[in-house]
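Analysis of the macromolecular model
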Protein chains: 2
Amino acid sequence: MGIIEETVTGIGRLDIEKMRLARSRQDRLIKPAGSLGRLEELSVLLAGIQRKAAPVIKDKVIITMAGDHGVTAEGVSLYPAVVTAQMVRSFLKGQAAINVLARTAGARVVVVDTGIASELTPQQGLISHKIGYGTRNMVKGPAMSREEASRAIATGIEVATSEKAKGMDIIGTGDMGIGNTTAAAAITAIMTGHPPDEVTGRGTGIDEVQRRHKITIISRALACNSPDRRDPLGVLAGVGGFEIAGLAGVILAAAASRTPVVIDGFISGAAALIAVGLAPEVKNFLIAGHVSAEPGHKITLQHLGLKPLLDLELRLGEGTGAVLAFFLVEAAARILSEMPTFEEAGISEKIASDGSPA
Amino acid sequence: MGIIEETVTGIGRLDIEKMRLARSRQDRLIKPAGSLGRLEELSVLLAGIQRKAAPVIKDKVIITMAGDHGVTAEGVSLYPAVVTAQMVRSFLKGQAAINVLARTAGARVVVVDTGIASELTPQQGLISHKIGYGTRNMVKGPAMSREEASRAIATGIEVATSEKAKGMDIIGTGDMGIGNTTAAAAITAIMTGHPPDEVTGRGTGIDEVQRRHKITIISRALACNSPDRRDPLGVLAGVGGFEIAGLAGVILAAAASRTPVVIDGFISGAAALIAVGLAPEVKNFLIAGHVSAEPGHKITLQHLGLKPLLDLELRLGEGTGAVLAFFLVEAAARILSEMPTFEEAGISEKIASDGSPA
């Protein structure tokens, strides 16, 4: 059995008993029951995922995977492909948005080269798992082979498993790859059944004429590869990306190791669609960090049955929407652990309808 | 000239030049322009408020004001009035939701007794500015005198000014007072012109029958006091609360000292309506932390022209929705200060339509 099958087989269910205990304590904390809204729901979900009535969110990790895309030859992005490597260097220097936000949130950023088109100098903080020097152009054939797609998924599983061994309590997904909104739109179209027009957005800031061109390219890629949603690995190979495949592996490994995984935006969402395609029970372990300004992301979240925590019109990727949501997830866990109940604090409870304490 | 008039006179405009500088730098940071959505807008607003092209959010303070309400005699809340004092004691012990969330956000909580109905032991962390032992029952006459309302506002100004002197970069408002959603609904009805039914919610968790009763009480209070929205001090005196008046003072002082002020939920929103009624330019200094589950809060935000940062179905108060938003405001400021521009980082910029670098 390969590492992917092994991971999928290892994915369990939410722990209903721990969720019941968390819900019951949440209802007795010194506040009106339910008054912390979605933070309360989140704390109960964390209990079910971590199998702890008092879930713990301390060691927070963003796994940002980078890869290049052959489809950039078709002029789908405003930025040259070389920006992927340049931005990864900025991640390693701690300069990018994801670094600033991770410092603010007290999270670590793990940067993985899954297939950048150029060679990066080996250095502290960079994990190299290069599957190739960018994918092939998906309008001319599959972006990668099935074997490459499998290896990229396995890479994600390996990285997540290694971080888990260091004590990671929560994962956020992040991506970097010029051209990857094109791959994500193609995946989203197939996996959700929506036409390319509905899931294709402005990416880094293209105009409507350029967006129409991008839709044409995606339609050609779909026609060329005829991907089938019942074969998620085939979808990845046909129109995916190395970093998207890697993130699908991260998500599978998160679920298998009972680690809550905060999904960032549109690219991470495409990875989640693949992961859920491979193992539907993965859904229970997902938290939607935000809904992005990319129109396809809303469709992804609806398809996954997820309600985003934030709506800040972000469209950057890197893991920025996930790391911003870490704060809310940590807050939810701490509420449950650090607040006393009415009884413990000696505070009067609700008045029953007959005027006596309820 | 009294302290209120002096504070109102001291409120200036946003610094347009600093906002232009911030916007221009934001557009050149190493990310597609606009891709951090509302965080970018927020960073520009902070620049205008603080008069700094690189705004700083370090010392974060929640000012939570507590007071009791005579109208609780009418059975408008599920909890006995004694809970106000009990919860304030839990704030001082660091046990309540606001304490847990403030620790998570790295913020200080300043607790002010503006009019709790019982005596609290003087202690570290409690600022006592008691205007009275709870307000009077607003269905039988004004909740307080105009002079008491003025003194409560002045108290808020004093507390905010004193925290500013300690280095505070941002204020969040918070409240505690059994019965205060009734006062807030009455204020909101008057200041926004909406009928009581539309601005009255479930508070700590009453059912629909109890909510109808609450609406009747609010209607009686409005009939008894005939408050006039052109006289915000009269509105406060008629149907307000000591803590709501105090928070209006905090908001005025924040604007006068060019400190961004994050408004929590429905009660803080009512205080903001009063502050904006007294000095319309206050609006520019407000940030809506969240939209609460109380239906009237959405109406308040619309009236103030504010778009909330979070929507988590919270309905607790204490400052919980404000402190959760602090993280986003701090993140917005740090993005602007800590990220380099494309030029500074030596990263390729956009490709122009002719294929050359833009």
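In what follows, the structure referred to is the one given above.
Structural notes, computed from the coordinates. (Residues numbered from 1 in each chain as written. Chains lettered and ligands numbered in written order. Predicted model: local features only at pLDDT ≥ 70, side-chain atom pairs only at ≥ 80, totals over all residues. Heavy atoms only, no water.)

A word on the interface of chain B and chain A
- Each partner contributes residues to the interface: chain B has 57 residues there, and chain A has 57 residues.
- Between chain B and chain A lies a buried interface of about 5,000 Å² when both sides are counted; carbon and sulfur atoms form 67% of it.
- In terms of surface lost to chain A, no three residues of chain B exceed B:Y79, B:L312 and B:F327, which account for 12% of the buried area on that side.
- Along the contact surface separating chain B from chain A lie four salt bridges.
- Scanning the region where chain B abuts chain A turns up 14 residue pairs in polar contact (both at pLDDT 80 or more).
- Looking at the side of chain B that touches chain A, the elements that each hand over two or more residues are α3 (37–50), α4 (82–92), α5 (97–105), α14 (320–338) and α15 (342–345) of chain B. (Contact = heavy atoms within 4.5 Å. Buried area = accessible area lost by both parts, 1.4 Å probe. Salt bridge = Lys/Arg side-chain N within 4 Å of Asp/Glu carboxyl O. Polar contact = N/O pair within 3.5 Å; in protein donor to acceptor, adjacent residues only side chain to side chain. Helix = DSSP H or I, 4+ residues; strand = E, 2+ residues; numbered from the N terminus.)

Quick notes on the sheet that holds strand β1 (residues 60–67) of chain B
All names here are of chain B.
- The sheet built from six strands is open, its strands ordered β3-β2-β1-β4-β5-β6 with parallel pairing. Strand pairing shows two members of the sheet lacking a second neighbour, β3 (126–128) and β6 (286–288), which therefore form its edges. The mean angle between the axes of side-by-side strands here comes to 30 degrees, regardless of whether they run parallel or antiparallel.
- Relative to strand β2 (residues 107–115), β1 is paired through eight bridges, and the arrangement is parallel. Across the sheet, T64 pairs through a bridge with V111, a residue of β2.
- Strands β1, β2, β3 and β4 (170–176) of the sheet are contacted by helix α6 (residues 146–165), whose axis makes an angle of about 155 degrees with β1.
- This element, helix α11 (residues 242–256), spans β1, β2, β4, β5 (261–263) and β6 of the sheet and lies at about 175 degrees to β4. (Pairing = 2+ DSSP bridges. Axes fitted to C-alpha atoms, helices over the stretch in contact; angles between N-to-C directions.)

Brief notes about the relation of the copies chain B and chain A
- Superposition of chain B onto chain A requires a rotation of 180 degrees combined with a translation of 0.0 Å along the rotation axis, giving an RMSD of 0.0 Å. Such a combination of rotation and displacement between the chain copies is what one expects of a two-fold axis. Taking the C-alpha atom as reference, chain B places B:L310 closest to the rotation axis, 3.3 Å from it. (Least-squares fit on C-alpha atoms with pLDDT ≥ 70 in both.)

Describing the pairing of β4(B)
Residue and element names in this part refer to chain B.
- Here β4 lies mainly inside the structure; seven of its seven residues are buried.
- Neither face of β4 is exposed, since I170, G172, G174 and M176 on one face and I171, T173 and D175 on the opposite face are all buried.
- In the sheet, β1 pairs with β4 via seven bridges, with the strands oriented parallel. For T64, the partnering residue across the bridge sits in β4 and is G174.
- Here two bridges tie β4 to β5, and the two strands are oriented parallel to one another. Counterpart to I171 in the pairing with β5 is V261. (Buried < 20%, exposed > 50% of the residue type's maximum accessible area, 1.4 Å probe, protein only.)

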